[in-house]
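Take a look at the letters that make up each chain.
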Amino acid sequence: MRILGLSGEYRPTSKSGMMVNLALDYARSKGAEVIFWDCNEKPLPFVGEDGCWENANVKEFQSLAAECDAFLVCSPEYHGTMSGVMKNTFDWLYDKHVGGKAFGLMSTLGGIQNANTLNHMRIMLRWLHAWPVPEQLSVGHVKEAFDENGQLSDPKTVERMHSLVDAVLNTAVMMNSQDE
Ligand SMILES: Cc1cc2nc3c(=O)[nH]c(=O)nc-3n(C[C@H](O)[C@H](O)[C@H](O)COP(=O)(O)O)c2cc1C
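Residues numbered from 1 in each chain as written. Predicted model: local features only at pLDDT ≥ 70, side-chain atom pairs only at ≥ 80, totals over all residues.

**Q** What is the right way to look at the overall build of the chain in this model?
**A** Helix and strand content of the chain: 6 helices and 6 strands. Secondary structure elements of the chain occur, N-terminal to C-terminal, as β-α-β-α-β-β-α-α-β-α-β-α. Radius of gyration (C-alpha) of the chain: 15 Å, near the 16 Å computed for a compact globule of 180 residues. The principal-axis extents of the C-alpha atoms in the chain amount to approximately 40 × 40 × 30 Å. (Helix = DSSP H or I, 4+ residues; strand = E, 2+ residues; numbered from the N terminus. Rg over C-alpha atoms; globule rule 2.2 N^0.38 Å.)

**Q** Honestly, the environment of Pro134 in this entry has me stumped. Any pointers?
**A** Note on placement: Pro134 falls in strand S6 (residues 131-139). Residues Pro134 and Leu105 lie 29 residues apart in sequence; the distance between their C-alpha atoms is 9.0 Å.

**Q** How do you make sense of the environment of Val85 when you look at a structure like this?
**A** The topology assignment puts Val85 in helix H3 (residues 84-91). According to the C-beta neighbour criterion, Val85 is buried, with 21 such atoms within 10 Å. The residues touching Val85, leaving out its near neighbours within four places in the chain, are Gly8, Glu9, Tyr10 and Cys39. (Buried ≥ 20, exposed ≤ 12 C-beta atoms within 10 Å, placed from the backbone. Contact = placed C-beta atoms within 7 Å.)

**Q** Would you mind going over the packing of helix H1 (residues 15-29) against helix H6 (residues 155-179) with me for this structure?
**A** What describes two packed helices is the angle between their axes and the distance between those same axes. At their nearest, the axes of H1 and H6 sit 10 Å apart, and the two run at 55 degrees to each other. With respect to H6, the element H1 is oriented oblique. Pair H1 / H6 crosses with right-handed handedness. Packed against H1, whose contacting residues are Leu22, Ala23, Tyr26 and Ala27, the element H6 presents Met161, His162, Val165 and Leu169 at the interface. (Axes fitted to C-alpha atoms, helices over the stretch in contact; angles between N-to-C directions. Parallel < 35°, antiparallel > 145°, perpendicular 65-115°, else oblique. Left-handed = near helix turned anticlockwise from the far one by under 90°.)

**Q** Would you explain the site of the ligand in this entry?
**A** Around the ligand, 14 residues are found, and the nearest of them are Ser14, Ser16, Pro76, Gly110 and Gly111. Contributions of two or more residues to the shell around the ligand are made by H1 and strand S3 (70-78). The dominant element in the shell around the ligand, judged by the number of residues it contributes, is S3, at 3 residues. Of the residues assigned to the shell around the ligand, the class counts are 4 nonpolar, 7 polar and 3 charged. (Near = placed C-beta within 6 Å. Nonpolar A, V, L, I, M, F, W, Y, C, P; charged D, E, K, R; others polar.)

**Q** In this structure, what is going on with H6? I would like to understand it.
**A** Along an α-helix, a turn takes 3.6 residues, which lines up residues three or four apart on a common side. The end-to-end C-alpha distance of H6 is 36 Å, a good match for the 36 Å that 25 residues give at a rise of 1.5 Å each. Packing partners of the buried residues in H6 comprise H1, S3, strand S5 (102-108) and S6. (Expected span 1.5 Å × (residues − 1).)

**Q** Quick question: what am I supposed to make of unusual backbone geometry here?
**A** The phi angle of most residues is negative, glycine excepted, and most peptide bonds adopt the trans form. One non-glycine residue, His79, lies in positive phi territory at about 45 degrees. Mapping His79 onto the fold places it in the loop between S3 and strand S4 (81-82). Given 8 C-beta atoms within 10 Å, His79 falls into the exposed group. In the Ramachandran plot, His141 falls in the positive-phi region, its phi being about 45 degrees despite a non-glycine side chain. Mapped onto the elements, His141 comes out in the loop between S6 and H6. His141 sits in the exposed class, given 12 other C-beta atoms within 10 Å.

**Q** Where do I start with the nonpolar core in this structure?
**A** One broad rule of soluble globular proteins: the nonpolar side chains tend to lie buried together. If you look at the biggest cluster of nonpolar residues, it comprises 49 residues, and the most contacted ones within it are Ile3, Ala23, Phe71, Leu72, Val73 and Val168. If near-sequence neighbours (up to four positions away) are discounted, Ile3 is found in contact with Leu24, Ala27, Ala32, Val34, Cys68, Asp69, Ala70, Phe71 and Leu72. (Core = buried A, V, L, I, M, F, W, Y, C linked by C-beta atoms within 7 Å.)

**Q** Teacher, can you tell me more about the pairing of strand S1 (residues 2-7) here?
**A** Most of S1 is tucked away, with 5 of its 6 residues classed as buried. Pairing of S1 with strand S2 (residues 33-36), which is carried by 4 bridges, proceeds in the parallel orientation. Following the sheet pairing, Gly5 is matched in S2 by Phe36. Where the polypeptide runs from S1 across H1 and back to S2, its parallel neighbour, the crossover connection is right-handed. (Pairing = 2+ DSSP bridges. Right-handed = clockwise from strand over helix to strand, strands pointing away.)

Here is the structure:
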């Protein structure tokens, strides 16, 4: 089981990057092989930018996505929806890379927790023929959500994250068994 983590913010140290990495840590503890796509280290150009179709990072990203069984994703909410970085990352993916594969969705917000970004990502994934699991996690007032060790302070949030990752792993096993 191979899981790819995607963040809608460049830095792995951003709150969304931290969320993805915590979710990946838990997936690893359950026996999955995990990979975090670090946009800071390997940026993806804007779709349509000069030379983008031949970009080495894009090619690597698409092959990696095609080789992965499931995805754990977190986007910051910007102006009521996913960030441009998140959308551009998804714009490099097609049915042939992610179709029929499980996704776990998370979002971080500066303000009050809501499901806008999660719902927008869910709708978008329909066009990629991907399978976001019903469980999801949105963390409001995210600046206060982590302790000094970079762990989520609220045990209920941790529990929700674990349920989300468990659902992604179980769904991926189910999807893989159908392919056999
Ligand atoms: C351009 C921009 C737009 C934002 N819009 C919202 C918003 O609509 N609602 C909200 O609660 N927070 C908003 N925020 C705050 C971010 O959601 C928050 O800083 C982010 O989730 C923190 O995660 P990050 O460190 O991964 O960026 C916005 C921040 C920026 C930079």
